[in-house]
Each structure stands twice: as structure tokens, then as C-alpha cells.
Amino acid sequence: MATPKATVPTCCEPKVSLDQWRALLAVIDAGGYAKAAEMLNKSQSAVSYAIQQMETLLGVAVFELQGRRAVPTPAGEVLYRRARVLLEQAERLERAAASLSSHIEPLISIAADLIIPSEKILRCLEIFARDYPETRVEIYESVLSGTEDALLQRQVDLAIGGRVPPGFMGDKLVTVIMRGVTSPDHPLQQLGRPANVEDLRQHRQIIVRDSGLFRRRSEGWQEAEQRWTVSHIKTSLEAIRMGLGYAWLPDAYTHQEIAAGRLKYLSVEVGAEREVPIYITFADRDFAGPATRRLADILKAELPRACKK
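Since the structure is predicted, the reported quantities are computational estimates derived from the model, not experimental observations.

Applying the stated criterion across every chain, the model contains 15 salt bridges. Residue Lys-300 pairs with Asp-171 through a salt bridge whose shortest N-O separation is 3.4 Å. One end of the pair, Lys-300, is in helix α10 (residues 290-308); the other, Asp-171, is in strand β6 (residues 170-182), and 129 residues separate them in sequence. We classify Lys-300 as partly exposed; its relative accessible area is 31%. A salt bridge links Glu-198 to Arg-201; the shortest N-O distance between them is 2.7 Å. With Glu-198 and Arg-201 both in helix α7 (residues 197-201) and 3 residues apart, this pair spans about one turn of that helix.

Right, here's the structure in full:
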């Protein structure tokens, strides 16, 4: 007599798909259906339908309306926390399978905050290329929370930036010094005394935009009445050279300009310089392949030396 095949009880089959859990996370993280749809590259109606189906299947409301805003219910908050763990585990499982099927990664992605000049990163990649010439590298140049977002969204294997997001562990690479700078003939250099807050408010400040999805972070003093916001530190540097404003910029971008007399440090009563620790963080150290680990080792060994030059 043939042995009957074992079957998995239907009660054990999940009711909610990973895409639906992903929609739940996106709506809460983004603060609404429209931004969640943009994040997921889906229509707003598709995201809304996924949430409605989830609520029907689970028999629980995950959102409630407060005015025009969809706010998670207490049950929704609990499901949000559990769903994040679930999705992270699923992604780790897929990455583990990929790493098992390939001894050497064909591609490594890095998020690198622009606070470290790109040429410093490229010097490290030059060394890496000698060991792994066939491995492709993608660099996402980011600012502030853009680096964290790349990690949290699992867009990259490594991140170099000023913060380590909750749930990750990073190694400190360097400390970047930020100093206020202007052109030599800027009015703030003609005061004959250190500038105070009121002086700074009366002149244009050049700010580099947070590249994060929701642009949720700013650093340092940003209270000038006139502000210009740019997307790259080098654009800010060019504006300073032209005498269009002042900014706090990393020493690595300005020290040659200072030595040549094309820029001048800004003398202020308080906060003339700021220290920013920079970390290197794995998206998932446990499943990092040999090429990713080698690149991290090179960055840890070479970047501190490169940043002193």
C-alpha cells in the first residue's frame, strides 16, 4: 500500500503576503498612503487595497483616521514592529541563498556620505580592484539621512556616514572637522571681531540638502534669514569662493583653498568648528561575502590615512 504524502495543514499557511506587510511598513514610515506609494513605486490605490485586504484577512484594524491622516492603531503598531522583523528575516534568507550560490559577489553597493571627498573613497576602491577586478561597485553619494536610508532599505552592502541606525553596528573610521569658511573679502571678515549669531543671521548661508527620502535631518546652525540649499558640497564650495555666502564645510574640501588664500576661516564667538565621527556599517555582516569584507578592511585601513592628507 502506498504511503500517503504528508501535507501541510492549511491553518499554517500565512494569510498575509510579504508585499502586504511591506505596504504596512511603508505607510507608517512615510506617514501616509501617497508617500508610501511613491516609495514602493506603486499606485496609491494599490497600497490602499493591500492594507484593506490585510485588515480583512486578519480581522483587525491597523489604521484609523484622524482628520485626513491615517494613524496606526495600537494593534497596527504591534504588527508594524513584528512585520519589520519578518521582512528583515526574509531578506536575510534570500541574501544568504545568493551568497551560498556564488563564492564571490559580482556586485557591491556602497552608500558614502559626501562629507568624505569622493577621491578618498576612490583611492580605496583602486586598491580593492587589484584583488577583485571582476566585482562591480556601485557608489550612492549621499548626505545625512540618505546614508541611513540606504542601509534601512537594504539598497547597499556597506555605508560610510555620520550615524549608525538602530539595529546596526558600525566601526568608527575617522573624525571629520567642519569649520566655518567664507571668501577673504566677505563682509563677515571685515567686522574686526568674531561674528555673533545676529551677524550670521544677516548674511546668506549655503546649506547642503539632506538626501534622505524624507529629508529628516539637519546639522549645525541653520538660522540665517537668507539660505541657499544645494545638493553637493562642491557646489557649496564654489558658492563660497564666489563670495555668495558662508558655510561650515569639511576640512578635506577647504584646506588647500585656505592655504592658497582663496578662502578664509570664519571667526565666530561660538561654534567655529564641529567634529563629526564617521562610521562604516555593514548592512548584514553575517552574510557579507569575501569581496565585501575585503573592501571594508581596505576602507578601515586606508581611509583614515587618506583623510589626513
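Next up on the list: helix α5 (residues 118-131). Along an α-helix, residues three or four apart share an orientation, since each turn contains 3.6 residues. The terminal C-alpha atoms of α5 lie 21 Å apart, and with 14 residues this matches the ideal 20 Å at 1.5 Å per residue to within 8%. Among the residues of α5, those classed as buried are Lys-120, Ile-121, Cys-124, Leu-125 and Phe-128. Seen from one end, α5 has its buried residues packed into an arc of 135°, which puts them on one side. Pointing more than 90 degrees away from the buried face of α5 are the exposed residues Arg-123 and Arg-130.

If you trace the backbone, Ser-145 turns up in helix α6 (residues 145-152). A polar side-chain atom of Ser-145 sits 2.8 Å from a polar atom in the side chain of Asp-210.

Turning our eyes to something else, we now look at the packing of aromatic side chains. All told, the structure shown has 3 aromatic pairs when counted by the stated rule. For the ring pair Tyr-33 and Phe-63, a centre distance of 6.0 Å and an interplane angle of 55° mean the geometry is tilted. Of this pair, Tyr-33 sits in helix α2 (residues 33-40) while Phe-63 sits in strand β1 (residues 63-66), and the two are 30 residues apart along the sequence. Residue Tyr-33 shares its accessibility class with Phe-63, and that shared class is buried. For the pair Phe-128 and Tyr-132, a centre-to-centre distance of 5.4 Å together with 20° between the ring planes defines the contact as stacked. Since its relative accessible area comes to 18%, Tyr-132 is described here as buried. Between Arg-179 and the ring centre of Tyr-265, over which it is positioned, the NZ or CZ distance is 5.3 Å. Over the ring of Trp-228 we find Arg-204, and its NZ or CZ is 4.1 Å from the ring centre.

Calculation notes
Residues numbered from 1 in each chain as written. Predicted model: local features only at pLDDT ≥ 70, side-chain atom pairs only at ≥ 80, totals over all residues. Heavy atoms only, no water. Salt bridge = Lys/Arg side-chain N within 4 Å of Asp/Glu carboxyl O. Helix = DSSP H or I, 4+ residues; strand = E, 2+ residues; numbered from the N terminus. Buried < 20%, exposed > 50% of the residue type's maximum accessible area, 1.4 Å probe, protein only. Expected span 1.5 Å × (residues − 1). Arc of directions from axis to C-beta. Polar contact = N/O pair within 3.5 Å; in protein donor to acceptor, adjacent residues only side chain to side chain. Phe/Tyr/Trp six-rings, centres within 6.5 Å; stacked < 30°, edge-to-face > 60°. Lys NZ or Arg CZ within 6 Å of the ring centre and 35° of its normal.

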